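Each chain is listed here by its residues.
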Amino acid sequence: MLLCAAVVGVFLWFSLERWLFVIIVAGLLALSLGLVVVIKLWRAKVFLQIGLPQIDRMSGLEFEDYLAKLFAARGYKVQQIKNQDDYGVDLVVAKDGQKIGIQAKRYGARKKVDVEGVRAVIAGLPFHQAERGMVVTNSFYTDHAWQTAKMNQVELWDRNRLKKEIRRITNFDSVKN
């Protein structure tokens, strides 16, 4: 495809007036930029269509996939750990030289994530060579989980924080509860 574009470019360079060539190249660059904008808007639309009710119906693996896309949209390099021996870390995300191990907990809205979810990510950080830990859920946490996370500098995203982060990516306030 690139070779074809180069051949056409060379042909146009020698067969058209220079000013016409410049106009065509400028138009193609503008079209490319427009395509980038359309892709970003489409990505935002996809996130808008997925609200917390849809997340509540996801499987655990679907939730991990969704979080991978969410963190990628936030500019992180994402590695999904898709095996039984994940050592309590479902995703490893990296940005600005810092690695974060993430435990994803997709629960029913009435079930709270307990301390074991926090302990699992703490245990997996050395194995994945991550500096920080995070647990993300579509639900809430027990008091014991909050205390353990605070003592170990593990960041917790509950249902409200997840909604806020989805809004941040989409730049809209229409994320459903």
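You'll find the structure just up there.
The rules behind these values
- Residues numbered from 1 in each chain as written.
- Predicted model: local features only at pLDDT ≥ 70, side-chain atom pairs only at ≥ 80, totals over all residues.
- Heavy atoms only, no water.
- Buried < 20%, exposed > 50% of the residue type's maximum accessible area, 1.4 Å probe, protein only.
- Helix = DSSP H or I, 4+ residues; strand = E, 2+ residues; numbered from the N terminus.
- Arc of directions from axis to C-beta.
- Contact = heavy atoms within 4.5 Å.
- Salt bridge = Lys/Arg side-chain N within 4 Å of Asp/Glu carboxyl O.
- Pairing = 2+ DSSP bridges.
- Axes fitted to C-alpha atoms, helices over the stretch in contact; angles between N-to-C directions.
- Lys, Arg positive; Asp, Glu negative; His and termini not counted.
- Phe/Tyr/Trp six-rings, centres within 6.5 Å; stacked < 30°, edge-to-face > 60°.

1. Observations concerning helix H6 (residues 143-151)
Then step 1. Every buried residue belonging to H6 is among Ala-145, Thr-148 and Ala-149, and all of these are buried. Take H6 and look down its axis: the buried residues cluster within an arc of 100 degrees, on one side only. Across H6 from its buried face, at more than 90 degrees, point the exposed residues Asp-143, Lys-150 and Met-151.
Then step 2. The secondary structure elements touched by the buried residues of H6 are strand E4 (112-113), helix H5 (115-128), strand E6 (140-141) and strand E7 (154-157).

2. Description of the pattern of salt bridges
Then step 1. The final tally for this structure, using the stated rule, is eight salt bridges.
Then step 2. With its nearest N and O atoms 3.6 Å apart, the salt bridge here joins Glu-165 to Arg-168. Here the residue Glu-165 and the residue Arg-168 both occupy positions in helix H7 (residues 159-170), the gap between them amounting to three residues, near one helical turn.

3. A few points about the sheet that holds strand E2 (residues 91-95)
Picture the strands of a sheet paired through backbone hydrogen bonds; they go either parallel or antiparallel.
Then step 1. Strand order in the open sheet made by the five strands is E1-E2-E3-E5-E7, with mixed pairing throughout. Every interior strand has two partners, whereas the edge strands, strand E1 (77-80) and E7, have only one. Shown here is a sheet whose adjacent strand axes are inclined to one another by a mean of 25 degrees, direction ignored.
Then step 2. Where strand E5 (residues 132-137) and E7 come together, four bridges link them in parallel fashion. Along E7, the bridge assignment pairs Val-136 with Trp-157.
Then step 3. Running at roughly 145 degrees to strand E3 (residues 98-105), H5 makes contact with E2, E3, E5 and E7 of the sheet.
Then step 4. Across the face of the sheet, H7 comes into contact with E5 and E7 while running at roughly 80 degrees to E7.

4. Thoughts on the side chain of Lys-105
Then step 1. Mapped onto the fold, Lys-105 is located in strand E3.
Then step 2. Put simply, Lys-105 is tucked away with no salt bridge, and the nearest opposite charge, on Asp-90, sits 6.5 Å away.
Then step 3. Excluding anything up to four places from it in sequence, Lys-105 contacts Phe-63, Val-113, Gly-117, Val-135, Val-136, Thr-137 and Asn-138.

5. Focus: the packing of aromatic side chains
Then step 1. The tally for this structure, following the rule as stated, stands at four aromatic pairs.
Then step 2. Here Phe-71 and Tyr-76 contribute two aromatic rings whose centre-to-centre distance is 5.5 Å and whose plane-to-plane angle is 75 degrees, an arrangement assigned as edge-to-face. Summarising the burial analysis for this pair, Phe-71 and Tyr-76 share the class buried.
Then step 3. Each ring, one from Tyr-141 and one from Trp-146, has its centre 5.4 Å from the other, and the planes form 75 degrees; the classification is edge-to-face.
Then step 4. Judged by its relative accessible area of 3%, Tyr-141 falls in the buried class.
Then step 5. Members of the aromatic cluster, joined through ring pairs, are Phe-71, Tyr-76 and Trp-157.

From the geometry alone we can't say anything about function, so treat these as descriptive.
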